[in-house]
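Chain residues, written in single-letter form:
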Amino acid sequence: MKTLRVAMPAAFDPRARDRIAGEFDALTLERPDPALVPAELRESIRGLAAGLSPDWIPVIDALPSLEIIANFGVGYDPKSSLHAIERGIVVTHTPGVLDEEVADTAVALLLNTVREFYSAEEWLRQGRWTGEGNYRLTPLTLRDRTVGIYGLGRIGKAIARRLEAFGLSIRYHNRSRATDVAYPYHDTLLDLAEAVDTLVCVVPGTPETRHTVNAQVLEALGPNGVLVNIGRGTVIDEAALVAALSKGTIAGAGLDVFENEPDVPEELIAMRNVCLLPHVGSASVHTRGLMGDLVADNLVSWFSKGETLTAVPEARHLAKRSGR
Ligand code: NDP
């Protein structure tokens, strides 16, 4: 397969980069700009590996022989992915291999938010324990919480399993009822928010989920309410969240993802009742390595057997190669 040309970003996951460079004739791009693809190579590029975003659309359109895009991540940008699929290009992603890591992060985020461990550590490091005494008792606790999971899929179930072991009761909302769990189902997000005091969001960032966590949903969580978002930033109406946190409509939030990453609203940064992480849900060498392998394995499988391993649901009809 060394003669098969696959493009990827110069700043890419190291494992995916090494595997792709080892298997294919790899072309690296400094940024998603079609001007950087030499005109004489465009016809020959048959695969692309990247963390897709709308910026990649002009590159996709400049590559007439592109057959497959291996997205790095289980979440995939709907605009560029659907654009590629409409052109008959198969798109793959990395489901399953990151579930436990992301669920660990979600639980850490929830615990940090209610028990303020980020502030308590700062207290120690700043010498205030010796100077001023004990850190304050936290007004919030994980004890006796009822957790609503918005998006009980692969990662949502891994979060639910952990929180059950913490002795908490779990409820959830999806578009459809899951057949393999006994947790109570709510057929609307608002109904779920009314029944719980803790909402963990782990739905994909799609046009359908955009800003679904709005002022009304936050109000329904109530003054003891805690919001955790480990899914995608677009799911939360960030302006409504800032207002709800500053007015005491809800008590706190733990966020790993934001609407305009890496920009985080100044208002959130200034608040003490929020725990903020820079999108690190899956970010360990171990798990990113598994994701990198799955990116490369999808490309290898496509070009050697004519089949993908993990096509995105919208591209499953394309996931077998038809002798191009
Ligand atoms: P899954 O597809 O397994 O689960 C998604 C769940 O969301 C399903 O249960 C689905 O149920 C539900 N869902 C989808 N759309 C809607 C909707 N419009 N309304 C209500 N429920 C909906 O995905 P994963 O668990 O593997 O991943 C979930 C997301 O987590 C990813 O898409 C990604 O955005 C994010 N993620 C974040 C990471 C981070 O670093 N912070 C790392 C990895 C993933 P149904 O189809 O029945 O509606």
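Residues numbered from 1 in each chain as written. Predicted model: local features only at pLDDT ≥ 70, side-chain atom pairs only at ≥ 80, totals over all residues. Heavy atoms only, no water.

Per an unreviewed UniProt entry, the chain carries the name 2-hydroxyacid dehydrogenase and comes from Oricola thermophila. The record in UniProt for the chain states the following under Sequence similarities (unreviewed entry): "Belongs to the D-isomer specific 2-hydroxyacid dehydrogenase family." (UniProt positions renumbered as here; feature names shortened; annotations may be inferred.)

### Observations concerning the layout of surface pockets
Of the pockets and cavities examined, the second largest pocket occupies roughly 280 Å³. Mapped onto the lining of the second largest pocket, the elements with two or more residues apiece are α4 (99-115) and α5 (117-125). Residue contributions to the lining of the second largest pocket peak at 4 residues, all from α5. Across the lining of the second largest pocket, the residue classes break down as 7 nonpolar, 4 polar and 5 charged. (1 Å grid on protein atoms, 1.4 Å probe; cavity = no way out; pocket = protein on both sides within 12 Å on 5 of 7 lines; lining within 4 Å. Points joined across faces, edges and corners; volume = space filled by probe spheres on them. Helix = DSSP H or I, 4+ residues; strand = E, 2+ residues; numbered from the N terminus. Nonpolar A, V, L, I, M, F, W, Y, C, P; charged D, E, K, R; others polar.)

### Here's the deal with the sheet that holds strand β2 (residues 25-29)
Ordered by their spatial adjacency, 5 strands build an open sheet running β2-β1-β3-β4-β5, and the pairing between neighbours is parallel. The open sheet has two edge strands with one neighbour each: β2 and β5 (90-92). Here the average twist between neighbouring strands, direction ignored, is 20°. As paired elements, strand β3 (residues 45-50) and strand β4 (residues 68-71) share 4 bridges and run parallel to each other. Bridging across to β4, Gly47 finds its partner in Ile68. (Pairing = 2+ DSSP bridges. Axes fitted to C-alpha atoms, helices over the stretch in contact; angles between N-to-C directions.)

### As for the environment of Pro54
Tracing the sequence through the fold places Pro54 in the loop between β3 and α2 (57-61). Each C-alpha atom, one on Pro54 and one on Asp293, is 24 Å from the other, the two residues being 239 residues apart in sequence. Apart from residues no more than four positions distant in its own chain, Pro54 is found in contact with Asp77, Lys79 and Ser80. (Contact = heavy atoms within 4.5 Å.)

### Re α4
Between its first and last C-alpha, α4 extends 24 Å over 17 residues, near the 24 Å set by a 1.5 Å rise per residue. Listing the buried residues of α4 in full gives Asp99, Val102, Ala103, Thr105, Ala106, Val107, Leu109, Leu110, Thr113 and Val114. Those residues of α4 that are buried are in contact with α5, α7 (154-165), β8 (198-201), β9 (226-229), β10 (252-255) and β11 (274-276). Glu116 sits one or two positions beyond α4 and adopts a positive phi of about 55°. (Expected span 1.5 Å × (residues − 1). Buried < 20%, exposed > 50% of the residue type's maximum accessible area, 1.4 Å probe, protein only.)

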